[in-house]
Amino acid sequence: MTTADPYRDLLKTIAESISREFSQSLGTDVPSDLIVRVIEEPPLRKFGDLGIPVPRLSKELGLKFQEVAASVEAGLRNVNVISKVTRVGPYVDAFIDAEKYASKVLESLKELSENYGVPRVEEPQKIVVEYVSANPVHPLHIGSGRNAAIGDFIYRILSMAGHNVERRYYVDDMGLQVAYLAYGYLKLGRPNPPEGMKPDKYYGLIYAAAATIVDLLEAKKKVEALKEKGGHEYSDALRELDSLMGDLARIRERIPEEVDELIEEISKDEDPRASIATLMRNYEFGNEEAQVMREVSEKVMEGIKETLTRLGINMDVWDWESDLVREGLVRKVLEEARKSQYFTIHRGVPALDFKELLKDKDLRRRLRIPEGLEIPPLILVRSDGTTLYTTRDIAYTLKKFREAQAKKVYNVIAIEQTLPQAQLRLALYALGHKFEAENTIHYSYEMVNLVGASMAGRRGRYVTVDDLLDQMKERILDIMSERGSRSEDIAEKMARSAFRYMMLSTSPNKTLVFDVSKALNIRQASGPYIQYTYARAKAVLTKAGGVPWNKLEFKGAGKGLRRELIWLLGKFPHVMKRVLESLRPEDLVAYMNKVADTFNTWYGAEPIAKEVDEGLRALKLAITYGVSVVLANSMKALGMDVLERV
RNA sequence: GGGCCCGUAGCCUAGCCAGGAUAGGGCGCCGGCCUUCUAAGCCGGUGGUCCGGGGUUCAAAUCCCCGCGGGCCCGCCA
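The notes below deal with the structure included here. (Residues numbered from 1 in each chain as written. Chains lettered and ligands numbered in written order. Predicted model: local features only at pLDDT ≥ 70, side-chain atom pairs only at ≥ 80, totals over all residues. Heavy atoms only, no water.)

**Re the overall build of chain A**
Okay, step 1: Assigned secondary structure in chain A consists of 25 helices and 13 strands.
Okay, step 2: Along the longest, intermediate and shortest principal axes, the C-alpha atoms of chain A span 85 × 65 × 50 Å.
Okay, step 3: Burial status across chain A gives 56% buried among its 646 residues.
Okay, step 4: Taking contacts inside chain A between residues at least 6 apart in sequence as the whole, the part at least 24 apart equals 77%.
Okay, step 5: Approximately 28,800 Å² of chain A is accessible, and the part contributed by carbon and sulfur atoms is 48%.
Okay, step 6: Treating the 94 positive side-chain charges of chain A as one cloud and the 95 negative ones as another, the clouds have centres 4 Å apart. (Helix = DSSP H or I, 4+ residues; strand = E, 2+ residues; numbered from the N terminus. Buried < 20%, exposed > 50% of the residue type's maximum accessible area, 1.4 Å probe, protein only. Contact = heavy atoms within 4.5 Å. Areas by Shrake-Rupley, 256 points an atom, 1.4 Å probe, with all protein chains shown as cover. Lys, Arg positive; Asp, Glu negative; His and termini not counted. Charge placed at Lys NZ, Arg CZ, Asp CG, Glu CD.)

**Observations concerning the protein's contact with RNA strand B**
Okay, step 1: Around RNA strand B, a shell composed of 66 residues is seen, among which Tyr 91, Arg 382, Arg 483, Lys 510 and Lys 610 lie nearest.
Okay, step 2: When the atoms of RNA strand B within 4 Å of the protein are grouped by moiety, sugar and phosphate amount to 67% of the total.
Okay, step 3: At a separation of 3.0 Å, a sugar or linking oxygen of RNA strand B approaches a polar side-chain atom of Asn 521.
Okay, step 4: Within the side chain of Thr 601, an N or O atom sits 3.4 Å from a phosphate oxygen of RNA strand B.
Okay, step 5: Taken together, the elements giving at least two residues each to the surface near RNA strand B come down to strand S1 (50-53), helix H3 (54-61), strand S3 (91-96), helix H16 (389-404), helix H17 (418-430), helix H19 (465-483), helix H22 (527-544) and helix H24 (585-605).
Okay, step 6: In terms of residues, the surface near RNA strand B owes the most to one element, H22, which gives eight residues.
Okay, step 7: By residue class, the composition of the surface near RNA strand B is 31 nonpolar, 12 polar and 23 charged. (Near = heavy atom within 4 Å. Polar contact = N/O pair within 3.5 Å; in protein donor to acceptor, adjacent residues only side chain to side chain. Nonpolar A, V, L, I, M, F, W, Y, C, P; charged D, E, K, R; others polar.)

**With respect to the sheet that holds strand S5 (residues 164-171)**
Okay, step 1: Across the sheet, which stays open at both edges, the five strands sit in the order S6-S5-S4-S10-S11 with parallel pairing between neighbours. The two strands at the open ends of the sheet, each matched to only one other strand, are strand S6 (317-320) and strand S11 (440-445). In this sheet, adjacent strand axes meet at a mean angle of 25 degrees when their direction is disregarded.
Okay, step 2: Where strand S4 (residues 126-130) lies against S5, five bridges are found, and the strand directions are parallel. Across the sheet, the residue bridging to Lys 126 is Asn 164, located in S5. (Pairing = 2+ DSSP bridges. Axes fitted to C-alpha atoms, helices over the stretch in contact; angles between N-to-C directions.)

**So, the environment of Pro 420**
Okay, step 1: In this structure, Pro 420 sits in helix H17.
Okay, step 2: Note on Pro 420: relative accessible area 24%, which makes it partly exposed.
Okay, step 3: Along the sequence, Pro 420 and Leu 378 sit 42 residues apart, while their C-alpha atoms lie 8.3 Å from each other.

**Focus: the pattern of salt bridges**
Okay, step 1: Taken as a whole, this structure holds 58 salt bridges when the rule is applied.
Okay, step 2: The closest approach of N and O atoms between Glu 73 and Arg 87, which form a salt bridge, is 2.7 Å. Of this pair, Glu 73 sits in helix H4 (residues 65-77) while Arg 87 sits in strand S2 (residues 82-88), placing them 14 residues apart in sequence.
Okay, step 3: Arg 87 gets classed as partly exposed once you look at its relative accessible area, which sits at 37%.
Okay, step 4: For the salt bridge of Lys 229 with Glu 233, the shortest nitrogen-to-oxygen distance reads 3.5 Å.
Okay, step 5: Residue classification places Lys 229 among the exposed residues on the basis of a relative accessible area of 59%.
Okay, step 6: It is possible to trace a salt-bridge network through shared partners that takes in Asp 215, Glu 218, Asp 247, Arg 250, Arg 273, Arg 458, Arg 459 and Arg 461. (Salt bridge = Lys/Arg side-chain N within 4 Å of Asp/Glu carboxyl O.)

**A closer look at the environment of Lys 636**
Okay, step 1: Within the element layout of this structure, Lys 636 appears in helix H25 (residues 614-638).
Okay, step 2: The class for Lys 636 is partly exposed, based on a relative accessible area of 40%.
Okay, step 3: With 476 residues separating them along the chain, Lys 636 and Met 160 place their C-alpha atoms 8.8 Å apart.
Okay, step 4: Not counting residues up to four positions away in its chain, the partners in contact with Lys 636 are Arg 156, Met 160 and Val 642.

Rendered as structure tokens:
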């Protein structure tokens, strides 16, 4: 009989055997789950393949060390696939019979072939993943790139496991930022991008210019007002002005005419901020002339979509925020809110106050409201009658659940939005949408910063995904040229895979300090390294004409790195299952690296296809095949391109 | 001021939630290996006050307390 998960089965068999031993010799009932939990892998292979720290069990069970050690040892000896059991200090260690275990792993691999390790959920669900959702005011920068890579990974692994996943991008075209862009766009007479420049790049510069000029004019006034007064307030204002001038100068280098014209035009405006607020108000209330916000957003989105396509990311649905308003969904939310017992007038404007709700500790837990996080009332409507982002997000969340008939909604959103996301869940609950409140999951990730500076879209300070992909591609093409195998298409795919690898290799809850020169260093522990290793394994298999499964002999399976590789291959289904549950891409990346490293070392150490012994050759090819399958499936889950040749 | 996250070699990072063996990797740097299956590779060398101080424990990178350093949030922005 073959198994879908050799490693897990091994742990279960061992745990059950030990559990039986406990009840037989000590009359103690020990659940095998508990034993599975304490089984660990020794830091060095020479200690064994698996080990059990006896004190952990004896403490937990309240039994004497010697008794526990003896039972564990006896239990392990009764397992057929274990060849040796030793006692080292507080540990009982077990060695796996590599030949027997290899037969289990390779049989499973043979039967499941390409599907080996792909997790299958028992109850597929309809799930929505909302990701990227970058504001349509500038190109995707590496921060949104991190979001894109993470969101797409979630989509891919959930889909692989059998869930029905819908990908959505929320276009926030009603926000203040689009209003700034539209303001600048109008002042320049609705210009089109110059020949050859992507719209997102061009309008991103206009957005930054407009925002910076507005801030700069205000900073100037402030400096003048403080001139008489002097002191540190004055010098602070001066420094602020200086920094804005620096930013504007940098933007001006890119679009000098536009910047000059904007300075002139915006200076004529008595109150630019009021004009921008008017634009927003008109847009929300359906005034035709404010459609310029939609117009310019659409242009920027063209560029963003192009970048996403380059990254290999496709969305199922593009949701326009303004459509929610047109459809009356936002109004409906406001009506519900007014009827809610949590409705209040906070500083003169409509709001939801969660004070009472938050007293319920159990609710806090169910809605995953971070411990100790203070939640101020959620203001729903500005004093000029326009709504706020989170208000519209309530409507949007309900729409996502309703349209997709979703059981769960993942929002991939930066960690800085923890508070509004918590308010969103509370608001859903307060409005009576308990199911939606409990099943809206904020998948947060940390910021991406640049080596020297912080990123700021408003100031035009960012590294774009496009530029980074271009540079990575250049670097890859250089290497290809050296090797005499230049291919634009493959280079493009390697570049985007390298990008995804980079974004997924560190834990999402760790700040990423981004360094372009490091991102371009394509060696070990990189996307290309994995793709290269995979192609290498495939090349061996192709030359050998596939795996001669009928010739397969297991007797060489215990030697050196072959043993190690079989061990790793056996673990793959277990690793995938864990990654599916935790949604932590970095664990899969680490596993993938380990497999690639071990395979490459082995590849250098002994011949595979050229092995003369027939049975051993078949074994080696089967292992190589296993490596190709686990690397391919890992890459698929991570959204990397699986290339047969590089 | 309050809250959340992070701190492991020159740099990046795993391990921390569920304490257990000599803290795993990678980059960089130095030296070697292309007439054998893809050298984007392999082999060897180099490098650690696990931020600091206490505590709990047979055992602490891991748990607790007090600090220090960095990031983020605490807006009628998103």
